[in-house]
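Understanding the architecture of this molecule
These are the residues of each chain, in order.
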Amino acid sequence: MQKMMTAQKKLEAALLVLTGNMDFQQKKVVVYHQYLSDIKADAIPYCIRKEYYHLLRFFEGLFVVEGVSFAAARQHTVTAEYLNESALAVAVLTLLMHLTQWIAIENYLTSQRLVTG
């Protein structure tokens with residue numbers, strides 16, 4: 001749970017950087033190095049991990065992402081979507097939204113267990 005909450009905070013901070021006035025390539029460097037490089041796949045629930053890997057594809061070619069083989073996992077080629085600033089923000093926001101929902105559900109279920117148990 002702690003890893004998910006840390007990932008949630010880093011995604012929120014990455015969104016703030018994406019709203020800044022820097023060049024898109026600079027934003028990608030900052031977002032990846034300061035926030036996303038610290039989020040590992042095990043911090044993301046398995047059922048939404050596809051969104052995590054989709055987000056990492058925005059950084060393909062710029063960085064070597066530890067533990068991720070883009071060539072082996074590629075289901076489609078890099079398109080203009082991955083070069084678009086708003087698409088990157090949408091990918092971060094989507095992952096953040098689903099992770100937040102997952103955390104809320106897990107907290108609810110845990111609290112229900114404590115009440116009834």
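Above: the structure in question.
Residues numbered from 1 in each chain as written. Predicted model: local features only at pLDDT ≥ 70, side-chain atom pairs only at ≥ 80, totals over all residues. Heavy atoms only, no water.

**Focus on the nonpolar core**
Short version of the rule: We define a nonpolar core as any set of buried Ala, Val, Leu, Ile, Met, Phe, Trp, Tyr and Cys residues linked to one another through side-chain atoms lying within 4.5 Å. Exposure categories follow from relative accessible area, calculated using a 1.4 Å probe and restricted to protein chains: below 20% of the type maximum is buried, above 50% is exposed, and the middle band is partly exposed. Under the DSSP-based scheme used, a helix requires at least four consecutive residues in state H or I and a strand at least two consecutive residues in state E, with every element numbered from the N terminus. Two residues qualify as a contact provided that any one of their heavy atoms is within 4.5 Å of a heavy atom in the partner residue.
In this structure, Leu-11 and Leu-55 are the most contacted members of the largest nonpolar core, which totals 30 residues. Looking at this core, the elements with two or more residues in it are α1 (2-18), α2 (24-34), α3 (49-56) and α5 (85-116). It is α5 that provides the largest number of residues to this core, a total of eight residues. When residues no more than four places from it in sequence are discounted, the contact partners of Leu-11 are Leu-36, Ile-39, Leu-55, Val-92, Leu-95, Leu-96 and Leu-99.

**Notes on the side chain of Lys-28**
The cut-off we apply is this: Whenever two N or O atoms come within 3.5 Å, that pair is a polar contact, provided that in protein one can donate a hydrogen and the other can accept it, and provided that, for residues adjacent in sequence, both atoms are side-chain atoms.
Inspection of the secondary structure puts Lys-28 in helix α2. For Lys-28, the side chain forms a polar contact with the main-chain oxygen of Phe-58, separated by 2.8 Å.

**Thoughts on the pattern of salt bridges**
Note the following rule: Salt bridges, as used here, are contacts in which a Lys or Arg side-chain nitrogen is within 4 Å of a carboxyl oxygen on Asp or Glu.
Considering all chains together, one arrives at three salt bridges under this definition. With its nearest N and O atoms 3.2 Å apart, the salt bridge here joins Lys-10 to Asp-38. Remark: Asp-38 occurs in the loop between α2 and α3 and Lys-10 occurs in helix α1; sequence separation between them is 28 residues. The class for Lys-10 is partly exposed, based on a relative accessible area of 21%. Of the charged contacts, one joins Lys-27 and Glu-85 as a salt bridge, the two residues approaching to 2.3 Å between their closest N and O atoms. Taken together, the residues Lys-27 in helix α2 and Glu-85 in helix α5 connect sequence positions 58 residues apart.

**A word on the packing of aromatic side chains**
Note the threshold: Note on aromatic pairs: the rings of Phe, Tyr and Trp (six-membered ring only in Trp) are paired at centre separations within 6.5 Å, and the planes decide the class, stacked below 30 degrees, edge-to-face beyond 60, tilted for the rest.
Tallied over the entire structure, the rule returns two aromatic pairs. Their ring planes at 45° and their centres at 5.3 Å tell us that Tyr-32 and Phe-59 sit as a pair that is tilted. You can see Tyr-32 sitting in helix α2 and its partner Phe-59 sitting in the loop between α3 and α4 (70-73), a full 27 residues away along the chain. There is no split in this pair, since Tyr-32 and Phe-59 are both buried.

**What to know about α3**
Stated precisely, the cut-off is as follows: Relevant arc is that of directions from the helix axis to the C-beta atoms, nothing else.
Of the positions making up α3, those classed as buried are Tyr-52, Leu-55 and Leu-56. Buried residues in α3, looked at end-on, bunch into an arc of 100°, giving them a common side.

**With respect to the packing of α1 against α5**
The following threshold applies: Convention adopted: a line fitted to C-alpha atoms gives each axis, helices being fitted over their contacting stretch, and angles between N-to-C directions are expressed from 0 to 180 degrees. Orientation is classified from the angle alone, with under 35 degrees giving roughly parallel, over 145 giving roughly antiparallel, 65 to 115 giving roughly perpendicular, and any other angle giving oblique. Here is the rule for handedness: rotate from the far helix to the near one, and if that takes an anticlockwise turn smaller than a right angle the crossing is left-handed, while a clockwise turn gives right-handed.
Between α1 and α5, the least distance of the axes is 9 Å, while the angle of their chain directions is 150°. Regarding the angle of α1 to α5, the classification is roughly antiparallel. Note that α1 runs across α5; the crossing there is left-handed. Contacts between α1 and α5 involve Met-4, Met-5, Ala-7, Gln-8, Leu-11, Glu-12, Ala-14, Leu-15 and Leu-18 from the former and Glu-85, Leu-88, Ala-89, Val-92, Leu-93, Leu-95, Leu-96, Leu-99, Thr-100, Trp-102, Ile-103 and Glu-106 from the latter.

Worth remembering: the numbers are spatial, not functional.
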